[in-house]
Amino acid sequence: MKQGLSPHFNTFSEESFLAGYNFMAANALPHFLWHSELLLSIRAADQYLAEQYKAKPDFTAKQRLFSACSKEDLEEINIPPDISGEYFLRVKIGRGTFIGTGCNFVAHGGIQIGRNCEIGNDVQIVTVFHGIHPDQRCLDRVAPVIIGDNVKIEQGSVIVNSSSSGKPVVIGNNAVVKRDSLVLRSVPENSIVEGSPAQSLEETNTSPDLKKVWEASVPVNDEQTLSRIDDLPSFIKAFGKEAICIPPVFVGSAENVQAEGLFFINRNSAHAYHGKARIGEGTLFAPFTSVNVPEDAQLIIGKNVWVGAKATINVPAGQTLSIGEGAIIGAGAEINTDIPKNSVVVGKGRIIKTIDDTSLFSVPDAWKNTDSLKEQHTEGYRTKLKPYLKGFETGEFDPMVFIEQFYAKEKAIIEASRAQEVCRPRTLG
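Quick summary incoming for the structure in this document. None of the values given here were measured: they were computed from a predicted structure.

## Overview of the nonpolar core
Grouped together as the largest cluster of nonpolar side chains are 55 residues, with contacts concentrated most on Phe66, Ile79, Phe105, Ile113, Ile125, Ile147 and Ile159. Of all the secondary structure elements, the ones that give two or more residues to this core are α2 (37–55), α3 (59–65), β2 (91–93), β5 (111–113), β10 (145–147), β13 (169–171), α8 (380–394) and α9 (399–420). Per-element tally for this core: the top contributor is α2, with 10 residues. Excluding residues that lie within four positions of it along the chain, isoleucine 113 makes contacts with Lys92, Ile93, Gly94, Thr97, Ile99, Phe105, Ile119, Ile125 and Ile147.

## Some words on the sheet that holds strand β7 (residues 124–126)
Strand pairing in a sheet is mediated by backbone hydrogen bonds. Such pairs are either parallel or antiparallel. The five strands are arranged β1-β4-β7-β12-β15 in an open sheet whose pairing can be described as parallel. Each having just a single partner strand, β1 (84–86) and β15 (182–183) make up the two edges of the open sheet. Direction of pairing for β1 relative to strand β4 (residues 104–106): parallel, over a ladder of three bridges. Bridge pairing in β4 places glycine 85 opposite phenylalanine 105.

## What about the environment of alanine 327?
Looking at where alanine 327 falls in the secondary structure, it is placed in the loop between β30 (320–323) and β31 (328–329). With sequence-adjacent residues up to four places away left out, alanine 327 is seen in contact with Arg137, Asn304, Val305, Trp306, Ile339, Pro340, Asn342 and Ser343.

## A look at the pattern of salt bridges
Under the definition given, this model contains eight salt bridges. The partner of arginine 95 in a salt bridge is aspartate 73, and the shortest N-O contact between them spans 2.7 Å. Residue arginine 95 is found in the loop between β2 and β3 (98–99), and its partner aspartate 73 is found in helix α4 (residues 71–74); the two are separated by 22 residues along the sequence. Taking relative accessible area as the criterion, aspartate 73 reaches 7% and is therefore assigned buried. For lysine 310, the salt bridge goes to aspartate 180, with nearest N and O atoms at 3.0 Å. Of this pair, lysine 310 sits in the loop between β28 (306–307) and β29 (312–314) while aspartate 180 sits in the loop between β14 (176–177) and β15; the two residues are 130 residues apart in sequence, bridging distant segments of the chain. Across the pair, aspartate 180 and lysine 310 agree in class, each one buried.

## With respect to the sheet that holds strand β6 (residues 118–119)
Taken in spatial order, the six strands make up an open sheet running β3-β6-β11-β14-β16-β17, and their pairing is mixed. Two strands lie at the open edges of the sheet, namely β3 and β17 (199–200), each paired on one side alone. For β14 and strand β16 (residues 192–194), the ladder comprises two bridges, and the chain directions are parallel. When the sheet's bridge partners are listed, valine 177 is paired in β16 with valine 193.

## Here's the deal with the side chain of glutamine 124
Locating glutamine 124 in the fold gives a position in strand β7. Judged by relative accessible area, which is 1%, glutamine 124 ranks as buried. Residues contacting glutamine 124, with those up to four places away along its chain left out, are Asn104, Ser157, Val158, Ile159, Pro287, Phe288, Ala309 and Lys310.

## Digging into the pairing of strand β20 (residues 249–252)
Residues Val249 and Val251 line one face of β20 and the alternating positions Phe250 and Gly252 line the opposite face, and both faces are buried. Sheet analysis places β20 next to strand β23 (residues 270–273), joined by three bridges and oriented parallel. Paired with phenylalanine 250 across the bridge in β23 is alanine 270.

Each value, and the rule that gives it
Residues numbered from 1 in each chain as written. Predicted model: local features only at pLDDT ≥ 70, side-chain atom pairs only at ≥ 80, totals over all residues. Heavy atoms only, no water. Core = buried A, V, L, I, M, F, W, Y, C linked by side-chain atoms within 4.5 Å. Buried < 20%, exposed > 50% of the residue type's maximum accessible area, 1.4 Å probe, protein only. Helix = DSSP H or I, 4+ residues; strand = E, 2+ residues; numbered from the N terminus. Contact = heavy atoms within 4.5 Å. Pairing = 2+ DSSP bridges. Salt bridge = Lys/Arg side-chain N within 4 Å of Asp/Glu carboxyl O.

What follows is the structure, given as C-alpha cells:
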C-alpha cells in the first residue's frame, strides 16, 4: 500500500477513501445529531485539537491535529492556526503546500492536497452533502476531494463534492481556480476555471467579490461575536430561542430576530439584523453566509430553509423579503428578492429545481423515521460535546485515543472489504 496517511494503514488510495465513505455513511445519523459515539468523539477531538493549535501553534499541536500527514511533510507545510473544520484526521497535505488564513476543511469524505499547492485565504473544501428533500435534509452523504500537485486555489473559493456515488472531485495537477469560484465537478489538469459554478476561463466572466459583500454586512457598533463555544448560552439569549452556532460568528442587533425554533449558524458567518427578521425552525446557515436587513426592512425565512456557503441575503431598503419553507439557497448565491417554497436557487436567485417526492432517495430502515431521529437532538451541540471537551481539558480523555480508534475501524473495513471483494461505496440512492 502507498505510504502517507497514518501510522496505522498509511494510504490515501481509493480503497481507503471508500472504506472511510462506508464507515461514515454507515454511522451517519441525521445532521443536527452527532452520528455514532465514535464520530461524536472525533468531532470533539477535532474541536479541542484545533483550539490547542490556535492557542499554541507549535509543531506538536500541528502534528496532533493533522495526524494523517507524515512528520516530514508537515515540516514543509504552512498551516495557519485559525484553520477550522471537521475530521482533520482525513486530511492529507503534501509537502511544500501553503494554506492561507481563514480556511475551512470539512473532511468527512477525505481531503487530499498534493505538493507545492497554494490554497488562498478563506477557501472552503467540503466533502459532505445532504439530501435536498426537507424530510431527508438531515441525512449526510460523503465523498472525497483530491487536489493534485502545483494547484492554485485563489481566495474565497469553495470546492464541494456533492456526489451520491462516493466518487471524488479531482482538481488536476497545475490547475488554477480563480477567486471566489464555486467548484462542483472535477477540473482537468493544466486548466484555469472561474465563476459560480466554475467554468473554463474562456467561458465565464469575472465573478463578484463576495468577500467584500461579506465584510460590508458586519455591523460596526452593535456587533456580537461568538468566539468560544462556552460563550454560546449568553450569545443566543438575544434570539429568545435556542440556536446552535459554531464559532466564530458575527451578529448585529440579534434582539430584532424572532426565532421560531432551533436554527443553526455555522462558522465565519456575518449577519446584520438592523430591521426585523423571523427565522423558521430547522433553518441552517452554512459557513461564510452573509445576511443584511436594513432598519426599515424585514426578512421572513420559513421552516427548514438551508442557506449554502458564502451565500448572501440582502433585503432591499423599505421592503420585506420572504424565503419559503424548505427552500435551498445554493453556495455563493446572491438573494435580494422573494424565493418560493421548496425551491432550489443559485446565482442571482435563479430557480433550478422545485423539490417534490421525486427528490427522495432510498435510505436504510434505521434512518426512515427522521422525525424520531431529529428529536434526539434536543440535548444539542453543547451538551453532547461538552463531556468530551471537559475530559480533554482535565486529561481524563486523550483525543488521540479516539483518533486511533477511527483509524483502526477504517482499517478493519478495508480488510473486510478485501475479503468480500466489495470495497466500493454504499450508495444511498
